[in-house]
Amino acid sequence: FKDDPGSAERMLQTIRDRPDLKGGAYIPMNLFIFCSTFKANKYSLPATITECYQGHVSELCSRECEKDRRDVYIDPTLSELPKDLQDLLRRLGELAFNGLTAKPSNYIFNEKAIRKVFPEIKEKPEDSLFKGLLQLHSGKPGFRPTFSGNFSHATLQEFFSALHLSPLSEKDQVIFWKEHIFNPSFAVVLRFYAGLTKLSCKDFIPLCLITPPATPTTAAPPNVAGATLQLPAKSDQQNPQLLILLHALHESQKKTIICETLKHLNSSLRFFNLGSFDAMVVLNCLAHCTHLVELFMYGNRNPFPVESVKRLLHKNQKLQKLRHIVLDRLTEDDVVTMFTRTCSVKELELNITKFTSLSALMRV
């Protein structure tokens, strides 16, 4: 944005208004992706982090094709690609997936691991072979391995792992997620998977309804005959399953799946120590939970997105108790919009850090 400082400020303001993106902007690679996507997307950012990563991969592939003087169209959603690029992304997905599912997880791939997925490689490959998506490193002369590689960030490896999972048969997808759906180590993969597939797998909701144990494990417990299938009613650091699921539902942007899944929620929910991004996801998803009666948000210090609170209050007509909501810079218009319409909440506890006018609040 060197030649257009105004666009830089617009992008920064967009990120400030998007807790889902702001939470990851401290990672240099993410910030680079947001900047390049913002410019390529006509000075706006996509609706989800998945679309940002799709655009980033598309842009890198386009840049490398231009270097090779290839005039090809790279679809920003990666749905339409030349066959050689389809094959490259498929293999990188396999490499990423193999690394994450290894025990322990592998983020640096030795020569053997790379050759397993790219068996045609005879010598140390050129960086251009991977279109800038995999970074290569030479080994010491005369020693094995002669080269190694890694993705530029663990999040990019998680994106490619989701890219590997999404075209698999529904049976294979179910087999994988039955073991890992509530495993925090695969929470980001699940989020990208939801963004890529829109949770179109018909057996996804039943997988969510397997009630996890009190503490997270690498595998969800089996469905015991006669047991009541439900979702957790509490989310905290030791029990993050509900928050993991809500992040995936939000990333899918699929209202029908969100509504159908949330039918199985308890009418009284408790969340602990949410960040701004987590709060936005929770509030936006729960706006579709029409039977919600109580929502308690404990131990939160970061302000919640005002628009998300408004949406929750006006869409949940059965909501009776809402506690520990932290708001910042609440205006008179916000108060009027929140509380003088069809809000049904009987018990409301707000922590307001900045408020421009007390007159409207006194009227409420």
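Check the entry above for the structure.
Report on the accompanying structure. Remember, it's a predicted structure, so these values are computed and weren't measured experimentally.

If you tally the helices and strands in the protein, you get 16 helices and seven strands. Looking at the protein as a whole, 48% of its 364 residues are labelled buried. The contacts of the protein with a sequence gap of at least 6 include a subset with a gap of at least 24, amounting to 66%.

Our focus in this paragraph is the nonpolar core. Judged by nonpolar contacts, the single largest core of 103 residues is most densely connected at Phe-160, Trp-177, Phe-271, Leu-286 and Leu-295. Every residue in contact with Leu-295, bar those within four places of it in the chain, is listed here: Leu-269, Phe-271, Leu-283, Leu-286, Leu-312, Leu-319, Lys-321, Leu-322 and Arg-323.

This brings us to the side chain of Arg-91. By secondary structure assignment, the location of Arg-91 is in helix α5 (residues 83-101). At 2.8 Å, the side chain of Arg-91 and the side chain of Glu-120 are in polar contact. Setting aside chain neighbours within four positions, we find Arg-91 in contact with Val-117, Phe-118, Pro-119 and Glu-120.

Here we take up the packing of helix α13 (residues 276-286) against helix α14 (residues 306-315). With their axes 8 Å apart at the nearest point, α13 and α14 run at an angle of 25° to one another. With respect to α14, the axis of α13 lies roughly parallel. Of the two elements, α13 crosses α14, and the hand of that crossing is left-handed. Residues Met-280, Leu-283, Asn-284 and Leu-286 of α13 form the contact with α14, whose own contacting residues are Ser-308, Val-309, Arg-311 and Leu-312.

Take the pattern of salt bridges next. Taken as a whole and judged by the stated rule, the model has 17 salt bridges. As a salt-bridge pair, Asp-87 and Arg-91 come within 3.0 Å of each other at their nearest N and O atoms. On the criterion of helical spacing, the pair formed by Asp-87 and Arg-91 is a turn pair, its members being four residues apart in helix α5. Notably, a salt bridge pairs Lys-263 with Glu-260, separated by 3.2 Å at the nearest N-O pair. Overall, Lys-263 belongs to the exposed group, its relative accessible area being 57%.

A separate point is helix α9 (residues 187-197). With eight of eleven residues buried, α9 is to be regarded as a mostly interior element. Among all positions of α9, only Val-189, Leu-190, Arg-191, Phe-192, Tyr-193, Ala-194, Gly-195 and Thr-197 are buried. Phi turns positive, to about 60°, at Lys-198, one or two residues after α9.

For the rest of this paragraph, the subject is the packing of aromatic side chains. The description of an aromatic ring pair uses the distance of the two centres, along with the angle that the planes make with each other. With the rule as written, the count across this model stands at 14 aromatic pairs. Here the aromatic rings of Trp-177 and Tyr-193 are separated by 5.3 Å at their centres, their planes lie at 50°, and the arrangement is tilted. Of this pair, Trp-177 sits in helix α8 (residues 170-180) while Tyr-193 is found in helix α9, placing the two residues 16 residues apart along the sequence. Taking relative accessible area as the criterion, Trp-177 reaches 1% and is therefore assigned buried. Look at Phe-272 and Tyr-298: their rings are 5.0 Å apart centre to centre, the planes differ by 25°, and that puts the pair in the stacked class.

Two quantities define a packed helix pair, namely the angle between the helix axes and the distance between the axes. Running from amino to carboxyl end, helix α11 (residues 241-252) crosses helix α12 (residues 255-262) at an angle of 155°, the nearest separation of the two axes being 8 Å. It follows from the interaxial angle that α11 and α12 lie roughly antiparallel. When the axes of α11 and α12 are compared, the crossing they make is left-handed. Residue-level inspection shows Leu-245, Leu-246, Leu-249 and Ser-252 of α11 in contact with α12, the latter providing Ile-257, Ile-258, Thr-261 and Leu-262.

With that settled, consider the environment of Val-281. Position of Val-281 among the secondary structure elements: in helix α13. Note: C-alpha distance between Val-281 and Leu-246 (35 residues apart in sequence) is 6.7 Å. The contact partners of Val-281, leaving out residues within four places of it in the chain, are Leu-246, His-247 and His-250.

Right, let's talk about the side chain of Asp-236 for a bit. With respect to the element layout, Asp-236 can be found in the loop between β3 (234-235) and α11. Judged by its relative accessible area of 16%, Asp-236 falls in the buried class. Within the structure, the side chain of Asp-236 is placed 3.1 Å from the backbone nitrogen of Gln-238, a separation counted as a polar contact. A polar contact is formed between the side chain of Asp-236 and the backbone nitrogen of Asn-239, at a distance of 2.7 Å.

Analysis parameters
- Residues numbered from 1 in each chain as written.
- Predicted model: local features only at pLDDT ≥ 70, side-chain atom pairs only at ≥ 80, totals over all residues.
- Heavy atoms only, no water.
- Helix = DSSP H or I, 4+ residues; strand = E, 2+ residues; numbered from the N terminus.
- Buried < 20%, exposed > 50% of the residue type's maximum accessible area, 1.4 Å probe, protein only.
- Contact = heavy atoms within 4.5 Å.
- Core = buried A, V, L, I, M, F, W, Y, C linked by side-chain atoms within 4.5 Å.
- Polar contact = N/O pair within 3.5 Å; in protein donor to acceptor, adjacent residues only side chain to side chain.
- Axes fitted to C-alpha atoms, helices over the stretch in contact; angles between N-to-C directions.
- Parallel < 35°, antiparallel > 145°, perpendicular 65-115°, else oblique.
- Left-handed = near helix turned anticlockwise from the far one by under 90°.
- Salt bridge = Lys/Arg side-chain N within 4 Å of Asp/Glu carboxyl O.
- Phe/Tyr/Trp six-rings, centres within 6.5 Å; stacked < 30°, edge-to-face > 60°.

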